[in-house]
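The primary structure of each chain is shown beneath.
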Amino acid sequence: MSHMSSTPPNSPAEKRRAKAARRAGEFPPAPDPLAVPVFDSHTHLDLTIQEAGVPGGADGVADPVQALIVAAAKNGVDRLVQVGVDVESSRWGADIADRHDAVLAAVALHPNDAPRVADLDEALREIDTLAARPRVRGIGETGMDTFRTGDDGQAAQETSFRAHIQIAKRHGKALIIHDRDAHADVLRILDSEGAPDTVVLHCFSGDAEFAAECVRRGYFLSFAGTVTFATAGNLREAAAITPPELMMVETDAPYLTPVPHRGRPNASYLIPITVRALAAARGVDVDALCAQISANGERVFGPWHR
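About the cut-offs
Residues numbered from 1 in each chain as written. Predicted model: local features only at pLDDT ≥ 70, side-chain atom pairs only at ≥ 80, totals over all residues. Heavy atoms only, no water. Axes fitted to C-alpha atoms, helices over the stretch in contact; angles between N-to-C directions. Helix = DSSP H or I, 4+ residues; strand = E, 2+ residues; numbered from the N terminus. Parallel < 35°, antiparallel > 145°, perpendicular 65-115°, else oblique. Contact = heavy atoms within 4.5 Å. Nonpolar A, V, L, I, M, F, W, Y, C, P; charged D, E, K, R; others polar. Pairing = 2+ DSSP bridges. Buried < 20%, exposed > 50% of the residue type's maximum accessible area, 1.4 Å probe, protein only. Polar contact = N/O pair within 3.5 Å; in protein donor to acceptor, adjacent residues only side chain to side chain. Salt bridge = Lys/Arg side-chain N within 4 Å of Asp/Glu carboxyl O.

This next bit is on the packing of helix α10 (residues 271–282) against helix α11 (residues 286–301). Between two packed helices, what matters for the description is the angle formed by their axes and the separation of those axes. As a packed pair, α10 and α11 sit with axes 9 Å apart at the nearest point and diverge in direction by 110°. Comparing the axis directions of α10 and α11 gives the class roughly perpendicular. Across from Val275, Arg276, Leu278 and Ala279 in α10, the residues of α11 making contact are Val286, Leu289 and Cys290. Residue composition of the contact of α10 with α11, by class: six nonpolar, no polar and one charged.

Below you can see the structure in the form of structure tokens.
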């Protein structure tokens with residue numbers, strides 16, 4: 001699991017990983033478990049293991065992937081989507097999904113990696129090959145990110161994004177979008193390229209107006225722990241106008257840990273905190289929302305268990 005080793009040593013991503021490594025083992029206590037099971041639509045088991053280890057609650061489980069699955073299941077999170085960010089992590093995720101019934105995989109080149117890939121065409125061919133595997137159910141995370149990639153890298157991002165859109169359509173898989181400070185560009189490219197049948201806005205970061213545009217197009221919005229942040233009123237407003245049948249929940253672990261544990265490592269077992277925040281934002285029953293989100297997962301990704 002050395003798939004991020006090519007990251008420049010002083011890059012923002014490397015600094016984040018170093019910070020996470022320093023707090024390894026400091027996982028928050030488990031919340032009250034959910035009564036109705038739900039799934040984590042976007043997690044990085046490999047990065048969680050690399051950067052923070054595994055939480056308690058899975059004593060005696062030697063395999064760290066299985067330990068994360070067990071810890072999540074004890075809290076009512078019974079299925080996970082493992083998301084790739086480059087060829088190596090995508091291949092790893094596809095292999096993990098083959099070995100664990102609770103895990104499905106998504107494969108892609110992260111938009112911030114696209115400008116750094118030595119041979120973008122060859123990397124995209126490898127993602128296309130992985131996309132054909134039966135337990136790979138998503139193409140992502142792909143998209144646009146103007147927060148960390150300047151003008152010089154955005155052409156490569158757009159080329160990569162357009163290629164991933166075509167891969168998703170060719171294989172009939174959900175498209176999972178990373179969108180940071182690039183709302184208009186993401187919609188422009190989807191509209192011009194022709195969106196796949198199923199589109200998921202991972203870690204939705206827009207306001208109610210952008211949410212309405214996505215909902216109008218039939219896109220799924222996946223909310224992360226950021227919806228619990230005190231400064232994230234815009235996300236709660238977006239959640240409030242998102243139909244439950246287009247809503248999902250995620251960790252993006254090991255990052256974006258929900259309040260009151262912000263700054264500590266994240267993992268799928270903490271999903272109950274975020275689900276309860278979404279239910280509060282919408283003024284709906286937690287169990288009913290979990291049932292709807294769980295059904296959405298089957299619609300988007302198909303069945304987990306063979």
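Don't stop here, the text continues.
Here we come to the sheet that holds strand β6 (residues 199–201). As summarised here, the arrangement of the eight strands in space is β1-β2-β3-β4-β5-β6-β7-β8, forming an open sheet in which the pairing is parallel. Each edge of the sheet is formed by a strand with only one pairing partner; in this case those strands are β1 (38–43) and β8 (247–249). With strand direction ignored, the average angle separating the axes of adjacent strands in the sheet is 30°. As paired elements, β1 and strand β2 (residues 77–83) share four bridges and run parallel to each other. Looking at the pairing, Phe39 lines up with Arg79 of β2.

The omega torsion of the bond from Gly140 to Glu141 falls at 15°, within 30 degrees of zero and hence cis. Considering the arrangement of structural elements, one finds Glu141 in strand β4 (residues 136–145). The residue after Val259, namely Pro260, is reached through a cis peptide bond having omega 15°. For Pro260, the location among the structural elements is in the loop between β8 and α10. The phi torsion at Cys203 lies on the positive side, around 45°, for a residue other than glycine. The exposure class assigned to Cys203 is buried, which follows from its relative accessible area of 15%.

Locating Arg188 in the fold gives a position in helix α7 (residues 183–193). Residues Arg188 and Glu122, spaced 66 residues apart in sequence, show a C-alpha to C-alpha distance of 26 Å. Apart from residues lying up to four places away in sequence, Arg188 is in contact with Glu158 and Arg162. Among the polar contacts made by the side chain of Arg188, one reaches the side chain of Glu158 at a distance of 3.1 Å.

With that settled, consider the pattern of salt bridges. Counted under the stated rule, the structure contains 15 salt bridges. A salt bridge links Asp78 to Arg79; the nearest nitrogen and oxygen atoms lie 2.7 Å apart. Connected via shared salt-bridge partners are Glu158, Arg162, Asp185, Arg188 and Glu193.

Before going further, it helps to examine the packing of helix α2 (residues 45–52) against helix α3 (residues 64–73). Look at α2 against α3: their axes get within 10 Å of each other, and the N-to-C directions meet at 105°. Judged on the interaxial angle alone, α3 and α2 are roughly perpendicular. On α3, the residues that touch Leu45, Thr48 and Ile49 of α2 are Pro64, Val65 and Leu68. Here the contact of α2 with α3 is built from residues that sort into five nonpolar, one polar and no charged.

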